[in-house]
Amino acid sequence: MLIKTKSLVLILLSVSQVALSDSAKIESVVVTASRVEKQFQDYPESFSMVDRFELKLIKHNHIQQSLVRVPGANVARGNGQEYLPALRSPVLSGAGACGSVLTMEDGIPLRAHGFCNINELFESHSEMAQRIEVIRGPASTLYGSNAMHGVVNILSPEIEENTKAFSGILGFEGGPHDYYRASISAESNLSNKGRVRADLSLTSDSGYRDHSGYDQQKLSLLHSVTTGKTQIRSRLAVTNLNQETAGYIEGYNAYRDDQRDRENPNPEAFRDASAVRLYSILDIDLGSGKKLSLAPYLRKTDMRFLQHYLPGQALEESGQESIGLRSSYLFSWEGNLEVVMGLDTEFTQGYLRERQKDPTEGSDFLRETIPVGKHYDYQVNAYSVAPFTLATWNVTDTLKLYSGVRFESVQYDYNNKMLSGRTAEDGLPCGFGGCRFSRPEDRKDSFQNWSPKLGATYDFTSDLQLFVNMTQGYRVPQAAELYRLQREQTVAELESEQISSIELGVRAIKENLSYELVAYGMRKHNVIFRDTEYFNQSNGKTSHRGVEMALGYKFAQDWRLEVSSSYAEHRYRDERELRGVLLDGNLVDSAPRAFGSYRLQWRPRQGINAELEWLYQGRYYTDPQNQHEYSGHNLLNLRARWEFDRWALSARVLNLTNRAYAERADYSSFAGDRYFPGEPRAIYLSVSSEW
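Residues numbered from 1 in each chain as written. Predicted model: local features only at pLDDT ≥ 70, side-chain atom pairs only at ≥ 80, totals over all residues. Heavy atoms only, no water.

Caption draft 1: View of the overall build of the protein chain. A tally of regular secondary structure across the protein chain gives 7 helices and 40 strands. Relative to the 2.2 N^0.38 estimate, which gives 26 Å for 691 residues, the radius of gyration of the protein chain is 25 Å and therefore close to what a compact globule would have. Each principal axis of the C-alpha atoms in the protein chain carries an extent, and together these give about 70 × 60 × 55 Å. Pairs at least 24 apart in sequence give 67% of the contacts found in the protein chain among residues at least 6 apart. Element-wise, carbon and sulfur atoms account for 55% of the exposed surface of the protein chain, whose accessible area totals about 28,000 Å². (Helix = DSSP H or I, 4+ residues; strand = E, 2+ residues; numbered from the N terminus. Rg over C-alpha atoms; globule rule 2.2 N^0.38 Å. Contact = heavy atoms within 4.5 Å. Areas by Shrake-Rupley, 256 points an atom, 1.4 Å probe, with all protein chains shown as cover.)

Below, the structure written as structure tokens:
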């Protein structure tokens, strides 16, 4: 799993592929890398953070605009609030993609094991986040299933320590295509019963493509109180999304045609989604360096969307209700050994229904095998329990060793509410050998996984550190992969996906220069995919290796350069064939070798800052056979913010040069080349005031 020499040379020589973190970030207290508050340099993970200062400047309309600052993150923006994740991975789509990156808010997963949604970050209140923390690479030892390629944790705002009885911020923003966003944050004392905070975001966007756009509402309520040595933070988060979705436009380089880039071939498509989370985080100081953290939570989601990309355009309805507890206990022994141990447990009840209203259009085969009526209707009860431990041994003043392990058991109890098999809803057989949709008999499935971890950090000097990290991650099969079968498959005999990772890195923190360079290699086994017979299989293998660099350089009094760089190769490593082409050794589709973000910042005085951002996307193949490709693109974004008295004004010009580009390019054997066209030049203005 060694990195090729040419890959290392390319990333070191190409400033156009580098992203940065400054010393303030590296010295910050973080929680995602350890489950307890620790200094970033105390752990061997590849860790990134987008802090509050950056988030105020970015003011993202879509979470992808903030995550581009993370090395190794190549999130592909879809239409509206949709996206496909990528974190030390190809852009993940299709079978086996959902749930490969764990998404959380304040350390609470947005979705339960087995019930992921590929776009689930739109359920977080990221627009009001205090910071975003990202672990790059497997993090299953601390976080379990789904943290296979990494973790994205949205940290909500904390209640400020001030003496005001009541304070707040009111903001308004406007942009093209009838884009409007209003936000309000308010805090208040409750005498000796702590403080409360409310954050509200209201967004409306008519969309830059025909018959598209969305309305989104997000509300967060936080109560914080300290009693003795116990701090309790309770939070209610509610989100709602109503989106009119635009689909792919088809045709080679269609995104370059200014007469077509606003087309929407699927004006009927929509997505309605809501989510509610209620949780409390209890941090208890037990004295003598011992700390206990308990986080009980409730969670509910519901979603309806039209599968406009499939023949028949069936309506999917899904949802889940969960109750869980995440806990950790920190203690030290003789000053040299520190241990974090805990237990995570959860119960979830989820459902999925799929119903087709109108007859299928197309060939006789499609019309016969995809009938009107219900295709699926099932409920799954899921149980999970996972003890874990992570120990840190201070061998010397400069050398630390880390070792941990997690065991997780996940059980599914599946209940089919329709006739089993390949028939239509009323039991009538379909032509051409049977219906496309196959419903298994009621069954139970269970998955047990171990996730070991071993790492070390070595301080050459006070500002130069070497780290190494070896770990194994996993992802249990999702309910839809197990029970939403097709054709003659009656049982999906799937195993948990497994990934083994090793990374070696060096990070430096100097007065005007900070950097982190990481080389990694990963092997993934039991990769879940849908074969040419539409069977869900789990015998795929892939390899992932790359180099990531974060760099920050203050080269003048008011000027700073921040760049983020990733070079990676993601390849198939099994004997699969697709339409007569052996995939072994091919680059995985939607996986550019090089991509990055480069930012030139100007801060002439306190309260004024501006930034010119250059986004680079390398070329990539759009099919597994490596026969079609997207040529990549370069984009420029300009941002500025001015804070004075109690006011703040900001402006953003995205796609400054009005470049024609694709947010995502894909190739389908049915439709050929297809694209989500990128938005033309867009100017956003905002104003906010404190009281």
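What follows continues from the structure just given.
Caption draft 2: Region of interest: the side chain of Arg197. Secondary-structure assignment places Arg197 in strand β12 (residues 195-205). A polar atom in the side chain of Arg197 sits 2.9 Å from the side chain of Asp199. With residues up to four places along the chain from it excluded, the contact list for Arg197 reads Pro157, Glu158, Ile159, Ser185, Ala186, Glu187, Ser220, Leu221 and Leu222. (Polar contact = N/O pair within 3.5 Å; in protein donor to acceptor, adjacent residues only side chain to side chain.)

Caption draft 3: A look at the sheet that holds strand β38 (residues 662-668). Judged by pairing direction, the sheet is antiparallel, and its 3 strands sit side by side in the order β15-β39-β38 without closing on themselves. Taken across any chain shown, the strands that pair with only one partner, and hence form the sheet edges, are β15 (249-250) and β38. In terms of strand pairing, β15 meets strand β39 (residues 672-677) through 2 bridges, oriented antiparallel. Residue pairing for β39: Ile249 is matched across the bridge by Tyr675. (Pairing = 2+ DSSP bridges.)

Caption draft 4: Quick peek at the environment of Asn609. Here Asn609 is to be found in strand β33 (residues 608-617). Placed 281 residues apart in sequence, Asn609 and Ser328 show a C-alpha to C-alpha distance of 40 Å. Those residues within four positions of Asn609 in sequence are excluded, and the remaining contacts are Phe53, Leu57, Trp602, Arg603, Arg639, Ala640 and Arg641.

Caption draft 5: The arrangement of the packing of aromatic side chains in detail. Here the structure, examined in full by the defined rule, presents 21 aromatic pairs. Measuring from centroid to centroid gives 6.3 Å for Tyr378 and Tyr483, while their planes differ by 70°, and the two rings are edge-to-face. With a gap of 105 residues between them, Tyr378 in strand β20 (residues 373-394) and Tyr483 in helix α7 (residues 479-483) connect regions that are remote in the sequence. Neither residue differs from the other here; Tyr378 and Tyr483 are each classed as buried. Plain terms: the ring middles of Trp559 and Trp602 are 6.0 Å apart, the flat faces sit at 25° to each other, and that makes the pair stacked. Remark: Trp602 occurs in strand β32 (residues 594-605) and Trp559 occurs in strand β29 (residues 559-572); sequence separation between them is 43 residues. An aromatic cluster is present here, built from Tyr255, Tyr620, Tyr630 and Tyr675 joined pairwise through their rings. A cation over an aromatic ring shows up here: Arg88 above the ring of Tyr520, its NZ or CZ 4.3 Å from the ring centre. Residue placement shows Arg271 over the ring face of Phe305; its charged tip is 4.5 Å from the ring centre. (Phe/Tyr/Trp six-rings, centres within 6.5 Å; stacked < 30°, edge-to-face > 60°. Buried < 20%, exposed > 50% of the residue type's maximum accessible area, 1.4 Å probe, protein only. Lys NZ or Arg CZ within 6 Å of the ring centre and 35° of its normal.)

Caption draft 6: Here's a closer look at the sheet that holds strand β6 (residues 102-105). Strand order in the open sheet made by the 5 strands is β3-β8-β9-β6-β7, with mixed pairing throughout. Among the strands making up the open sheet, the edge pair consists of β3 (46-50) and β7 (108-109).

Caption draft 7: Representation of the environment of Trp559. Judged by its relative accessible area of 33%, Trp559 falls in the partly exposed class. When the C-alpha positions of Trp559 and Glu611 are compared, they lie 9.9 Å apart, and in sequence the two are 52 residues distant. When residues no more than four places from it in sequence are discounted, the contact partners of Trp559 are Tyr553, Lys554, Leu600, Gln601 and Trp602.

Caption draft 8: Region of the structure containing the nonpolar core. Ranked by size, the top nonpolar core spans 27 residues in total, and within it Leu67, Leu121, Ile132, Val134, Val152 and Ile154 carry the most contacts. Where this core is concerned, the elements lending two or more residues are α3 (52-58), β5 (83-84), β8 (131-136) and β9 (150-155). What Val134 contacts, discounting residues up to four positions off in sequence, is Ser46, Phe47, Ser48, Leu67, Val70, Leu87, Val151 and Val152. (Core = buried A, V, L, I, M, F, W, Y, C linked by side-chain atoms within 4.5 Å.)

Caption draft 9: Structural view of the environment of Leu464. Within the secondary structure layout, Leu464 lies in strand β24 (residues 464-475). Taking relative accessible area as the criterion, Leu464 reaches 23% and is therefore assigned partly exposed. As for Leu464 and Glu516, which are separated by 52 residues in sequence, their C-alpha atoms are 9.8 Å apart.

Caption draft 10: Quick peek at the state of the cysteines. As enumerated under the stated definition, the model contains 2 disulfides in all. Linked covalently through their sulfurs, Cys98 and Cys116 form a disulfide whose S-S length is 1.9 Å. On the criterion of sequence distance, the pair formed by Cys98 in the loop between β5 and β6 and Cys116 in the loop between β7 and β8 is long-range, its members being 18 residues apart. Of the two residues, Cys98 and Cys116, both sit in the buried class. Paired through a disulfide, Cys430 and Cys435 show a sulfur-sulfur distance of 1.8 Å. (Disulfide = S-S within 2.5 Å.)

Caption draft 11: Examining the pairing of β33 more closely. For β32 and β33, the ladder comprises 9 bridges, and the chain directions are antiparallel. Across the sheet, Arg599 pairs through a bridge with Glu613, a residue of β33. Here 10 bridges tie β33 to strand β36 (residues 633-644), and the two strands are oriented antiparallel to one another. Considered in β36, the bridge of Asn609 is made with Arg641.

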